[in-house]
Amino acid sequence: SDDFTPPATIDQDLASIIYTSGSTGFPKGVMLTHLNMVSAGRSISTYLGLRETDRVLCALPLAFDYGLYQVLMAFRVGATVVLERNFSFPIKVLETMAAERVTFFPGVPTMFAMLLGIKGLDAFDLSSLRAITNTAAALSEKHIRELRELFPQATLFSMYGLTECKRVIYLPPEQLDIRPTSVGRGMPNEEVWLVDEQGRRLPNGSTGELVIRGSNVMRGYWERPQETAERLKPGPIAGEMILHSGDLFRSDEEGWLYFVARRDDIIKSRGEKVSPREVENAIYAMDGVFEVAVVGVPDDVLGQAVKAFVTLKPGVQLTERDVIRHCLSRLESFMAPKHVEFVDALPKTDTGKIKKTGLG
């Protein structure tokens, strides 16, 4: 109304409460300040090279930070956002992309898997597409290769982030051929490192929990002080708080980071630690596999057994023995699934991530 007066705010005030996807537990309300959001948007749009002439296709939920930031970052540089309600009808989305001469296509692995399964993509003129971005979950090496073959003119950004600080890491596109399974290094205006179980900083070449320091780090979880205290801990400078991600990464000798697993998702089988992501990558390499989720299930002898849930592309037939034999040829024996269950579809969160809670 005409008599509305905007409230006085500073950059430390809350700008939003965005809920986590709940892919591995209950969703939590992430409290983000104006400083958090502006800082993250500036860093991401800078390394992506987003510019005023870009046209961003957004088929992501706007209640999901990945979708919301497409609008915020485009607004920052004066770019155009082409909104799609969702990716349920990919042919319709492709028609829109061609008609609107889209230059940026942000997506998640589920969307890209659907896209790669479509025949006759050459019927759509997507020559204006200059960048593809992926986050929410890591792309398999196979999907990375197929996307690059499908869109040779587009630059692919493989990234990692979490709602608690929006984005953390990105892999410069020129590094894809050198280290395709890496998600990169920290983005501008941020510091990241790995710590052991005692919180001690680890050198390059180690495996540990990822820690994030920067203006993009949340203020905490809405009305959840205990969960906040588990994630936000005192940083190197008095009075600051740093974010413990809860995710395990390994770093190579040059400091490039590779996602291992959520700390709570690590499978302990035969006294060995198994990364579900490594097993999933091995299964994704099989022809005909559409999606995979690997979890640990109780086992009287092993403690936990590795179990894979697999969906296949139409017309493909594989057996449990096929999958296990394939994994044994690529992985250590203790990492190969003991059980394989073929399903019509895997459960998803509202943001398109595979939901592992309840699988077993």
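Below you will find a few notes about this structure. (Residues numbered from 1 in each chain as written. Predicted model: local features only at pLDDT ≥ 70, side-chain atom pairs only at ≥ 80, totals over all residues. Heavy atoms only, no water.)

Turning to the state of the cysteines, a few remarks are in order. Scanning the entire structure with this criterion turns up 0 disulfides. Looking at the unpaired C58, the closest cysteine sulfur is the one in C165, lying at 20 Å. For C58, a relative accessible area of 0% gives the class buried. With a relative accessible area of 0%, C165 lands in the buried category. (Disulfide = S-S within 2.5 Å. Buried < 20%, exposed > 50% of the residue type's maximum accessible area, 1.4 Å probe, protein only.)

The N-to-C vectors of helix α4 (residues 109-116) and helix α5 (residues 141-150) enclose an angle of 55 degrees; their axes lie 11 Å apart at closest approach. Regarding the angle of α4 to α5, the classification is oblique. Our pair here, α4 against α5, has a crossing hand that is left-handed. For the pair formed by α4 and α5, the contact residues are F112, A113 and L116 on the first element and H143, E146, L147 and L150 on the second. (Axes fitted to C-alpha atoms, helices over the stretch in contact; angles between N-to-C directions. Helix = DSSP H or I, 4+ residues; strand = E, 2+ residues; numbered from the N terminus. Parallel < 35°, antiparallel > 145°, perpendicular 65-115°, else oblique. Left-handed = near helix turned anticlockwise from the far one by under 90°. Contact = heavy atoms within 4.5 Å.)

This brings us to the nonpolar core. Counting residues in hydrophobic clusters, the biggest one holds 69 residues, and the most contacted among them are M97, F105, L115, V168, L210 and I212. With residues near it in sequence (within four places) discarded, V168 still touches Y160, G161, L162, R185, G186, M187, E190, V192, L210 and I212. With 22 residues, the next largest nonpolar core counts A282, M286, V294 and M335 among its residues. (Core = buried A, V, L, I, M, F, W, Y, C linked by side-chain atoms within 4.5 Å.)

Now for the sheet that holds strand β19 (residues 303-312). Taken in spatial order, the 3 strands line up as β18-β19-β20 in an open sheet, and their pairing is mixed. Of all the strands in the sheet, the pair left with one neighbour each is β18 (289-299) and β20 (339-342). The mean angle between the axes of side-by-side strands here comes to 25 degrees, regardless of whether they run parallel or antiparallel. Helix α7 (residues 276-284) contacts β18 and β19 of the sheet and is inclined by roughly 140 degrees relative to β18. (Pairing = 2+ DSSP bridges.)

The subject of this paragraph is the side chain of K356. Position of K356 among the secondary structure elements: in the segment after β20. Judged by relative accessible area, K356 falls into the buried class, the value being 18%. Reaching out from K356, the side chain makes a polar contact with the side chain of E280 at a distance of 2.8 Å. A distance of 3.2 Å separates a polar atom in the side chain of K356 from the backbone oxygen of V294. (Polar contact = N/O pair within 3.5 Å; in protein donor to acceptor, adjacent residues only side chain to side chain.)

Attention now moves to the sheet that holds strand β12 (residues 220-221). Across the sheet, 3 strands lie side by side as β1-β2-β12; this open sheet has antiparallel pairing. Of all strands in the sheet, those with a lone pairing partner are β1 (14-19) and β12, marking the two edges. Set on the sheet, helix α1 (residues 34-48) makes contact with β1 and β2 (29-33); between it and β2 the angle comes to about 80 degrees.

For the structure on display, the rule yields 8 aromatic pairs. Relative to F157, the ring of Y47 lies with its centre 6.4 Å away and its plane at 45 degrees, an arrangement referred to as tilted. Taken together, the residues Y47 in helix α1 and F157 in strand β7 (residues 155-160) connect sequence positions 110 residues apart. By relative accessible area, which is 6% here, F157 ends up buried. Considering the side-chain rings of F105 and F112, the 5.6 Å spacing of their centres and the 80 degrees angle between planes classify their relative orientation as edge-to-face. F112 matches F105 in its accessibility class, with the two residues each being buried. By the ring-pair criterion, three or more aromatic residues cluster together here, those being Y47, F157 and Y170. The ring of Y258 has R250 sitting right over it, with the charged end atom 4.1 Å from the ring centre. (Phe/Tyr/Trp six-rings, centres within 6.5 Å; stacked < 30°, edge-to-face > 60°. Lys NZ or Arg CZ within 6 Å of the ring centre and 35° of its normal.)

On to the pattern of salt bridges. For the coordinates displayed, the defined rule picks out 20 salt bridges. Residue K142 is joined to D287 by a salt bridge in which the shortest nitrogen-to-oxygen separation is 3.9 Å. Of this pair, K142 sits in helix α5 while D287 is found in the loop between α7 and β18, placing the two residues 145 residues apart along the sequence. Take K142: its relative accessible area is 10%, and that puts it in the buried class. With a shortest N-O distance of 2.7 Å, D299 and K338 are connected by a salt bridge. Of the two residues, D299 sits in strand β18 while K338 sits in the loop between α8 (320-330) and β20, which places them 39 residues apart along the sequence. (Salt bridge = Lys/Arg side-chain N within 4 Å of Asp/Glu carboxyl O.)

Note that every value here comes from positions in space, so none of it alone points to a role or purpose.
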